[in-house]
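# Chains, contacts and geometry: an overview
Next come the chains, spelled out residue by residue.
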Amino acid sequence: MQLIDGKKLAKKIREELKEEVEELNKKGIVPKLAVIMVGNDKASSVYVKNKSKACDEIGIKYEEFLKDENTTQEELIGLIQKLNNRKDINGILLQSPIPKKLDIREAFNCIDDNKDVDGFNPVNVGKLSIGEDCFISCTPYGVIKMLEAYNIDVEGKQAVIIGRSNIVGKPLIQCLLNKNATVTVCHSKTQNLKEITKQADILVAALGKTKFIKEDMVKEGAVVIDVGINRTEEGKLAGDVDFENVSKKASYITPVPGGVGPMTIAMLMYNVVKATKIANGII
Ligand code: NDP
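Residues numbered from 1 in each chain as written. Predicted model: local features only at pLDDT ≥ 70, side-chain atom pairs only at ≥ 80, totals over all residues. Heavy atoms only, no water.

## Structural notes on the pattern of salt bridges
Opposite charge on two side chains makes pairing possible when the charged atoms of those side chains draw close. Counted only if it meets this: When a carboxyl oxygen of Asp or Glu lies within 4 Å of a side-chain nitrogen of Lys or Arg, that pair is called a salt bridge. Helical segments are the DSSP runs of H or I of at least four residues, strand segments are the runs of E of at least two, and each set is numbered from the N terminus. Exposure classes here rest on a 1.4 Å probe applied to the protein chains alone. A residue is buried below 20% of its type maximum, exposed above 50%, and partly exposed in between.
Considering all chains together, one arrives at 14 salt bridges under this definition. The closest approach of N and O atoms between K26 and E23, which form a salt bridge, is 2.9 Å. Here K26 and its partner E23 are both found in helix α1 (residues 6-26), 3 residues apart, which amounts to about one turn of the helix. Assessed through its relative accessible area of 64%, K26 is described here as exposed. For K32, the salt bridge is made with D88, and the minimal N-O distance between the two is 3.3 Å. In this pair, K32 is assigned in strand β2 (residues 32-38) and D88 in the loop between α3 (73-85) and β4 (91-94), connecting sequence segments 56 residues apart. For D88, a relative accessible area of 34% gives the class partly exposed.

## Some remarks on the packing of helix α2 (residues 42-58) against helix α10 (residues 260-279)
Spelled out, the test is: For helices, the fitted line uses only the C-alpha atoms of the stretch in contact; every axis is such a line through C-alpha atoms, and the angle between N-to-C directions lies from 0 to 180 degrees. These descriptions rest on fixed angle ranges, namely under 35 degrees for roughly parallel, over 145 for roughly antiparallel, 65 to 115 for roughly perpendicular, and the rest for oblique. Crossing handedness is read from the near helix: turned anticlockwise from the far helix by less than a right angle, it gives a left-handed crossing, and turned clockwise, a right-handed one. In what follows, residue pairs with any heavy atoms lying within 4.5 Å of each other are defined as contacts. Amino acids are sorted into nonpolar (Ala, Val, Leu, Ile, Met, Phe, Trp, Tyr, Cys and Pro), charged (Asp, Glu, Lys and Arg) and polar (every other residue, Gly among them).
Remark: α2 packs on α10, axes separated minimally by 10 Å, with the N-to-C direction vectors making an angle of 55 degrees. The angle between the axes of α2 and α10 places the two elements in the oblique class. Regarding α2 and α10, the two cross each other, and that crossing is right-handed. Contact with α2, carried on its side by N50, K51, A54, C55 and I58, involves I265, L268 and M269 of α10 and no other residues of that element. Here the contact of α2 with α10 is built from residues that sort into 6 nonpolar, 1 polar and 1 charged.

## Looking at the pairing of β2
Here is the rule: Two strands pair if DSSP finds at least two bridges between them. Crossover handedness is defined by viewing with both strands directed away from the observer: a clockwise path from the first strand over the helix to the second marks the crossover as right-handed.
The buried fraction of β2 amounts to 7 of the 7 residues, a majority that puts the element mostly inside the structure. Where burial is concerned, the two faces of β2 agree: the one with K32, A34, I36 and V38 and the one with L33, V35 and M37 are both buried. For β2 and strand β3 (residues 61-67), the ladder comprises 7 bridges, and the chain directions are parallel. Each bridged residue has a counterpart across the sheet, and for A34 the counterpart in β3 is E63. Taken together, β2, α2 and β3 form a β-α-β motif whose crossover is right-handed. Direction of pairing for β2 relative to β4: parallel, over a ladder of 4 bridges.

Structure (structure tokens):
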């Protein structure tokens, strides 16, 4: 079994981006990310802090817009439109969740598709589905970069994704399909799940259930990617995969923490640099 070290790979990507940003700086260009947070979700605060740390490290400027939970839909949309029009802002990220009374879909739809570094705008979602260059949602993008970095051949392989959320499962279907995998997607209504997961050459768990994937659900020699980030009762971080037992059967496996998580942030940084290059006519 080989461990797919997301932490190490993410560090390498951040270092490469730092060099790219230094080159941009020489041309007088400074990438800048705007992050909007509405309400005070504790987990979001941690994610946002990690993102700002990564920006600092790479040389991406960072501006935070913290709105209280009484923010109206009009105020949120107004803020996004203001940021769409600001030339110094290259990427806009709306941290989810936001208070339930607000319509997050409408808000994502308003983000300029050239500043949509999370890849949630329908233009980018649509482009991904027809295989055009676009901003790819950061977690699926991170998964693909991991497979590429470890030279894991995807073409013609049976890939099974568990989870069909708009931010992970669905964009990952397109990413794997674009790489010529044969993709099956499972969800909470899937019957005979184990029979399907046992067919997988590449198994991606993105359902959000601690240690749900047991060794008897996995084919010998499968590549296992664990997207899950869950808190155990003891407050520890745990993935969707029972790592200790599944790792004995897998050919490659990602750990939690230190797997997909750091890659998600690295790919966000990648998308901000890409947005900056688009805004400045470099690509
Ligand atoms: P969602 O809750 O939005 O989606 C979960 C998906 O899993 C749904 O499609 C659901 O099916 C499916 N599902 C739930 N239970 C089962 C089951 N018993 N059997 C089969 N399918 C099931 O979660 P997210 O996609 O947002 O996140 C998934 C996990 O990934 C979470 O642990 C989250 O914390 C983590 N995550 C990690 C990231 C990272 O950077 N590493 C980034 C984003 C998320 P249905 O559609 O039918 O309800």
